[in-house]
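# Residue-level structure breakdown
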Amino acid sequence: MIARGAVFLDALSDAAESLHPVVLAQMRVPVAEGAEDVAEGVFDVAGSRWRRLAALAVPVVGRGLLTTRFARDVPFRLRTRGERSRGGPAGSLPAGDRAGDGRPVLVATREFRFPGATQRITDRLSATGRGGIVHNVLGDSGRVETLEQCTVTPDGALRMRSRAVALRVLGRRIALRGILRIDVELKDGWDEARQRRTVAMRATNPLLGTVLEYRGWYRYSDAPAAQ
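Below you will find a few notes about this structure. (Residues numbered from 1 in each chain as written. Predicted model: local features only at pLDDT ≥ 70, side-chain atom pairs only at ≥ 80, totals over all residues. Heavy atoms only, no water.)

### Describing the pairing of strand β7 (residues 133-138)
- Along β7, six of the six residues are buried, which leaves the element largely enclosed by surrounding structure.
- Here β7 shows a buried face lined by I133, H135 and V137 and a second buried face lined by V134, N136 and L138.
- Here six bridges tie strand β6 (residues 117-130) to β7, and the two strands are oriented antiparallel to one another. By the bridge assignment for β7, L125 is matched with N136.
- Hairpin connection between β6 and β7: a loop of two residues separates the two successive antiparallel strands, and G131 in this loop has a positive phi of roughly 50°. (Buried < 20%, exposed > 50% of the residue type's maximum accessible area, 1.4 Å probe, protein only. Helix = DSSP H or I, 4+ residues; strand = E, 2+ residues; numbered from the N terminus. Pairing = 2+ DSSP bridges.)

### Considerations on the packing of aromatic side chains
- Under the definition given, this model contains seven aromatic pairs.
- Look at F76 and Y218: their rings are 6.3 Å apart centre to centre, the planes differ by 65°, and that puts the pair in the edge-to-face class. In this pair, F76 sits in strand β4 (residues 70-84) while Y218 sits in strand β13 (residues 209-220), placing the two residues 142 residues apart along the sequence. For the residue pair F76 and Y218, the accessibility class agrees, reading buried in each case.
- Taking 5.8 Å as the distance between ring centres and 80° as the angle between the ring planes, the aromatic pair formed by Y218 and Y220 counts as edge-to-face. The same class applies to Y218 and to Y220, which are both buried.
- Members of the aromatic cluster, connected to one another through ring pairs, are F43, F76, F112, F114, Y214, Y218 and Y220.
- Positioned over the ring face of Y220 is R4, at 3.6 Å from the centre of the ring. (Phe/Tyr/Trp six-rings, centres within 6.5 Å; stacked < 30°, edge-to-face > 60°. Lys NZ or Arg CZ within 6 Å of the ring centre and 35° of its normal.)

What follows is the structure, encoded as structure tokens:
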């Protein structure tokens, strides 16, 4: 068994106790290693306003990373699978940021049910054991990697902010800086009134502004609905 939010609990360490009690309890739920864990919800807004540009970027960054649609009130499904690293260093992290054997790994797929089409985003988060940092490999091909800092907000939400982003092309790892930089921030919290998880993510670029966003709510299949 592995905790549903083992990657984040590992990264936050003692700071995890500052999470909202429901968020913390849900992260501690034991799930069979390798088994699929499912949550369902609705995004108030989701996708990219740069739809055509996103479509042009797919051959470079690979599938499962960008959406080519933008809509409101988008139903979505979150599928996750908890594992533990067994193959030594994860990805091409700089020395000191490598995920050692046995550390938690979370494989996630977000299915966006846009009108007329379903699109998905995949990622693979690995605990690094270093200062609240997690390593994220994005997309089906894993061509984009990020290092993300995990902290807890004053209201008990998990916050993740990108510290570095890189693109793998032809066997080379290219750091995205300057006008190529992508800044990502995600908050995952709890709505006390409606008794459900909340999530908000925004990825921005210095030139283009917001290139991908989603915000809304979700519940795990084993969580009771609000009365």
